[in-house]
Every structure is written in structure tokens, then in C-alpha cells.
Amino acid sequence: MKAASITDYRELARRRLPHFLFEYIDGGSYAETTLARNIADLKDIALRQRVLRDVSAIDLSVELFGRKQAMPVALGPIGLAGLTARRGEVQAARAANAAGVPFSLSTVSACPIAEVARGVDRPFWFQLYMIRDRAFMADLLAKAAEAKCSALIFTVDMPVPGARYRDIRSGLAGAPGFAGQARRLMQALARPGWAYDVGLRGRPHVLGNVLPVLNGRTGMEDYFAWMRANFDPRVTWKDLEWVRQKWPGPLILKGVLDPDDARSAADLGADGLIVSNHGGRQLDGVLSGARALPPIADAVGDRLTVLADGGVRSGLDVVRLLALGARGVMLGRAWAFALGAGGQAAVSHMLRLIEAEMRVAMALTGVTGIGAIDRTSLAGYSAASNAG
Ligand SMILES: Cc1cc2nc3c(=O)[nH]c(=O)nc-3n(C[C@H](O)[C@H](O)[C@H](O)COP(=O)(O)O)c2cc1C
């Protein structure tokens, strides 16, 4: 099958990846209500078709955080994405690099910061989780600065992890010891292409950035144990001040769903925020990205750069979020599926798909530049119906 859309890449990833890995990427938390809402609410937003305007020259470029980029999208942070392809984060970063859009490296990536930095010639973004050990955090920030990361994403919607039932059912989580390993091994062997290319030749460490503190314990269950023990539930706005002091460059708060929190982020000097519910993987039942975005954009859009994510599966979805007030859109599963399906080439192709779809959406809504996309690009949009 040749992928014509991101949905196709999801199917190709399902066929290529071991069951536990596909389920890990595809799944959400609890009943997956929010995961479904992210996708459904975006689809529900009707674009307003306009005709007979000269749309022969469409320009997708934007400037975000002082840097020009080819289009208003970025690859968002996806933990363990690097396990879906050989040295996966390096491949994805290269694809983003070539397409002229930012790549974000998760704290819990398979490839460490320095390895990704060696693979690209343009700066990428680094994503930080608040970890109990502040010295370790300071060290990670120093490594990100050394790698010339051009922005820091500080993710704040994971003081505790949401329960992901699919990970338990697949044997990824809660299956310690030999029995768990054997189960995952069987699933890996059922995908020989992945087992050879990634498992054997890729020699992946589960967590490249935290390897120094795992004390040689690098199994899948060690990853979850480390997260449980080290993610800091005591984190408050004071810690944002701490991060702000340590990171002089652009600072983006990720995981904001409430306008009051967005105002606090602006007050404390964040340069940007990402309206996000973590792809429906944290508190199930919260608003979709599309519904949470408009009141936040209205509240702080003139004070910081508002980005958004959640359920983006096409360039049309990107245009929808831009129309609702986002200045840029983060891709999540979209790139993880592509990477799992076909590595760097597939991520590059996925980005070309997004670009082509955006061009068509812009042509048929009658705009030629990103700045012209706003709520007038939507049909029958009413702020009240979307205020949540
Ligand atoms: C498998 C997976 C791992 C993720 N890991 C992280 C992470 O390490 N850090 C983070 O800030 N967000 C993480 N996220 C959330 C994404 O950055 C993003 O908010 C979400 O995927 C957007 O929803 P979408 O995938 O439906 O587009 C993860 C999401 C998925 C699906």
C-alpha cells in the first residue's frame, strides 16, 4: 500500500510495528474520550469556501520565535518515538530539517540530545518534563543549550501519568520480569522487518537522555519505573520561574487548556504556549484542543505565541487550528506513524502531504498567506459554541 494520507500511515505503522509499540503510540488514556474528541471536533469545523480569488501564489512561510520556517507546523515531542525506526529521532529530525520546520525532541526520547544535534544542521526544540532531581534537570538544560536548541518546550500536563489501558493489555506496562519480556519479544518477532532493522541493528536504548541515571537498567519496565519515581507531582508556577531563569531562549509551556493558566504563563514570561491535552493521554474527558483553543487565543494571543495540537491528521486540520487562533500547529501521532511506517522518507512525504493539503485548503478558502487565515475562514463559526 502506498500512503496517500496520514490515516494511511497509521495503517502502515500498525502493520510494521510490534503490537505493543503501535498501541503505545495510537492509544489514549482511560475510555479515550478525549482522544476521539480531538479528532472529531476538528472534523466538525466547517471551512468557508470562497471562489474567484487569485490563489496562484500561496505562501505558507511564517516566523515563529524569531525564526523563519517553511510552514506553520512543527513535529511535537513524542516520547520513545525513536523506537519506531532505527535511531528514529535522528531520522525524524532530518526530515523536519529538510522541510524547514522545527523538530521537538522529548526528554524521554530514545536518542540523546547530542546524537540528534549531530544529525541536523538547523536547530531543533527540546522538550522538558519536570523531574524531581533539579541538578539532573539543570544538566539536561545545559545539554540542550550546548546543542543550540532554539526553543524549550516545558510540558506541564504530566504531574502524574494518566492510565493507558492499551499499554496494560499489550504487555508494554505492568508486565515486569521475564514474562513481560517474553511477551514483547514474541510481538517483536511477529514484525521481522522492525525486529531486524530497529531491534537488532538500531541497538536502541529506551531512554537516551536519562541513561546516565538509570544505573544500567535499560529495559522497558525500567522506563516506566523511572517515570513513576522521577516525574515531579509537586511542580508549581514557581518552577516555571526556575526554568525561565535557567533558559534564556524562547520558552513554550505545553499542556495548557484553561485561559486563566494561559494568563499565568504570560505573566511569568513564557514566550509561547501549546494548547494541548497531550493527545488524549492524560485526563480523559477534558476539552479537545480545537475547543480549548479559541478562548485561550482570545485571552493571551497578543501577549505570547499560541500554538495548538491534538488530532491533527491533515493539512486541512492545520488550517482549522490556525483559523481558531493558533499561530502554529504541532504534529504528534502524524509523524510518529510516518516514522514507524517508513522512516525519514515517510516523515518527509507526510510533511509534503500536509503542505499540499494546506495549499488546497487555503486556495479554496480564498487566502494566499498564513496571516490571512482567521475565523472568517470558517463557516458558521460562533465563538459561543466553541467556548467550551
Ligand atoms: C506516543 C506519544 C508520546 C508522547 N510523548 C510526549 C512527550 O514525551 N512529551 C510531551 O510533551 N508530549 C508527548 N506527547 C504528546 C504530543 O506531543 C502531542 O501533544 C499529541 O500527540 C498531540 O495529539 P495527536 O497525536 O493526536 O496529534 C506524546 C504523544 C504520543 C502519542
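Sequence order sets the numbering: in each chain, residues are counted from 1 along the sequence as written. The predicted origin of the model limits local features to residues at a pLDDT of at least 70 and limits the giving and counting of side-chain atom pairs to 80 or more, whereas totals for whole chains, interfaces and linings rest on all residues. Heavy atoms from the whole structure form the basis of all side-chain values; hydrogens and water molecules are not counted.

K.L.:
Can you break down the site of the ligand residue by residue, with the values?
P.N.:
What surrounds the ligand is a group of 22 residues, the closest being Pro77, Ser106, Thr155, Asp309 and Arg333. Nitrogen and oxygen atoms within 3.5 Å of one another constitute a polar contact, given that in protein one can donate a hydrogen and the other can accept it, and given that sequence-neighbouring residues count only through two side-chain atoms. Gln127 places a side-chain nitrogen or oxygen 3.2 Å from a nitrogen atom of the ligand. Contact between the ligand and Thr155: an oxygen atom at 2.7 Å from a side-chain N or O atom of the residue. The protein chains hide 99% of the 600 Å² of surface that the ligand would expose on its own. Of all elements in the fold, only α2 (19–26) and β5 (125–129) reach the threshold of two or more residues within the shell around the ligand. Gly falls in the polar group here, along with every residue not listed as nonpolar (Ala, Val, Leu, Ile, Met, Phe, Trp, Tyr, Cys, Pro) or charged (Asp, Glu, Lys, Arg). Split by residue class, the shell around the ligand holds seven nonpolar, ten polar and five charged. We define proximity as follows: a residue is near a molecule or strand when any one of its heavy atoms falls within 4 Å of that partner. Exposure was quantified through the Shrake-Rupley algorithm and a 1.4 Å probe, taking into account, for residues, occlusion by the shown protein chains and nothing else. Helix numbers and strand numbers start at the N terminus; a helix is a DSSP run of H or I with at least 4 residues, a strand a run of E with at least 2.

K.L.:
Help me get a handle on the nonpolar core, residues and values and all.
P.N.:
Nonpolar cores are built from buried Ala, Val, Leu, Ile, Met, Phe, Trp, Tyr and Cys residues. Side-chain atoms within 4.5 Å join them into one set. For every residue, the accessible area obtained with a 1.4 Å probe (protein chains only) is divided by the maximum for its type, and the residue is called buried under 20%, exposed over 50%, and partly exposed between those limits. By size, the foremost hydrophobic cluster in this structure holds 132 residues, and its most contacted members are Leu273, Trp335 and Met350. Counting residues per element, this core draws most heavily on helix α15 (residues 333–365), at 16 residues.

K.L.:
Give a description of helix α11 (residues 237–246) that names residues and reports values.
P.N.:
Of the positions making up α11, those classed as buried are Asp239, Leu240, Val243 and Arg244. In a view along the axis of α11, the buried residues occupy a sector of 150 degrees, so they form one face of it. Of the residues in α11, the exposed ones pointing more than 90 degrees away from the buried face are Lys238 and Gln245. The contact definition used throughout considers only heavy atoms, calling two residues in contact when any of these lie within 4.5 Å. The elements touched by buried residues of α11 are α6 (134–146), β6 (151–155), β7 (251–256) and α12 (259–267). Arc definition: directions from the helix axis to the C-beta atoms.

K.L.:
Summarise the environment of Arg183; cite the residues concerned and give the values.
P.N.:
The topology assignment puts Arg183 in helix α8 (residues 177–189). With 125 residues separating them along the chain, Arg183 and Ile58 place their C-alpha atoms 51 Å apart. Discounting chain neighbours no more than four positions away, the residues touching Arg183 are Ile168, Arg169, Ser170 and Gly171. At a separation of 2.6 Å, a polar atom in the side chain of Arg183 contacts the main-chain carbonyl oxygen of Arg169.

K.L.:
Any chance you could break down the environment of Leu141 for me, citing the residues and the numbers?
P.N.:
Tracing the backbone shows Leu141 in helix α6. Judged by its relative accessible area of 3%, Leu141 is buried. If we skip the residues at most four places from it in the chain, Leu141 touches Leu128, Leu152, Trp242, Lys246 and Trp247.

K.L.:
If you had to explain the packing of helix α1 (residues 6–16) against α15 to someone new, which residues and values would you point to?
P.N.:
Lines fitted to C-alpha atoms define the axes, with helix axes restricted to the stretch in contact, and inter-axis angles between N-to-C directions lie between 0 and 180 degrees. Axis separation between α1 and α15 bottoms out at 10 Å; the angle between their running directions is 165 degrees. Relative to α15, the element α1 is oriented roughly antiparallel. Here α1 and α15 pass one another in a crossing that is right-handed. Every residue of α15 that contacts α1 at Ile6, Tyr9, Arg10, Leu12, Ala13 and Arg16 is listed here: Ala334, Phe337, Ala338, Gly340, Ala341, Ala346, His349, Met350, Leu353 and Ile354. Among the residues forming the contact of α1 with α15, the class breakdown is twelve nonpolar, two polar and two charged. When describing relative orientation, an angle under 35 degrees is termed roughly parallel and one over 145 degrees roughly antiparallel, while 65 to 115 degrees is termed roughly perpendicular and anything else oblique. Each crossing is labelled by how the near helix is turned from the far one, with a counterclockwise turn of less than a right angle marking it left-handed and a clockwise turn marking it right-handed.

K.L.:
Please give an account of the packing of aromatic side chains that cites residues and values.
P.N.:
Two aromatic rings, taken as a pair, are described by how far apart their centres are and by the angle between their planes. Stacked, edge-to-face and tilted labels apply to pairs of Phe, Tyr and Trp rings (six-membered ring for Trp) whose centres lie within 6.5 Å, assigned for plane angles under 30 degrees, over 60, and everything in between, in that order. Taken as a whole and judged by the stated rule, the model has six aromatic pairs. With a centroid separation of 5.5 Å and 70 degrees between ring planes, the pair formed by Phe103 and Trp335 is classed as edge-to-face. Taken as a pair, Phe103 in the loop between α4 (88–99) and β4 (104–105) and Trp335 in helix α15 lie far apart in primary sequence, 232 residues in all. Here Phe103 falls in the buried class, since its relative accessible area comes to 2%. Taken together, a centroid distance of 6.1 Å and an interplanar angle of 90 degrees make the contact between Trp226 and Phe231 edge-to-face. Both residues of the pair, Trp226 and Phe231, count as buried. Members of the aromatic cluster, each reached through a chain of ring pairs, are Tyr129, Trp226 and Phe231. Here the basic side chain of Arg281 rests over the ring of Tyr24, its NZ or CZ set 5.0 Å away from the ring centre. Cation placement over rings: the criterion is NZ of Lys or CZ of Arg within 6 Å of the ring centroid and within 35° of the ring normal.

K.L.:
Hey, could you go over the sheet that holds β7 for me, with residue numbers and the actual values?
P.N.:
For two strands to count as paired, DSSP must find a minimum of two bridges between them. Pairing is parallel across the open sheet formed by eight strands, whose spatial order is β3-β10-β9-β8-β7-β6-β5-β4. Both outer strands of the open sheet, β3 (73–75) and β4, are each paired with one neighbouring strand and no more. Direction of pairing for β4 relative to β5: parallel, over a ladder of two bridges. Looking across to β5, one finds that Ser104 is bridged to Trp125.

K.L.:
Would you mind going over a nonpolar patch on the surface in detail, with residue names and values included?
P.N.:
A contiguous nonpolar surface patch, about 280 Å² in accessible area, is contributed by Tyr30, Tyr165 and Ile168. Mapping Tyr165 onto the fold places it in helix α7 (residues 165–170). The class of Tyr165 is partly exposed, set by a relative accessible area of 35%. Patches were defined on residues exceeding 30% relative accessible area and lacking a salt bridge, with like-charge contacts within 9 Å and nonpolar side-chain contacts (Val, Leu, Ile, Met, Phe, Trp, Tyr) within 5 Å. Any Lys or Arg side-chain nitrogen located within 4 Å of an Asp or Glu carboxyl oxygen qualifies as a salt bridge.

K.L.:
Residue-level account of the packing of α2 against α15, with values.
P.N.:
Where α2 meets α15, the closest approach of the two axes is 10 Å, and the angle between their N-to-C directions is 160 degrees. Considering the angle they form, α2 stands roughly antiparallel to α15. Read as a crossing pair, α2 and α15 show a hand that is left-handed. Residues Phe22, Ile25 and Asp26 of α2 form the contact with α15, whose own contacting residues are Arg333, Ala336 and Phe337. Broken down by class, the residue content of the contact of α2 with α15 amounts to four nonpolar, no polar and two charged.

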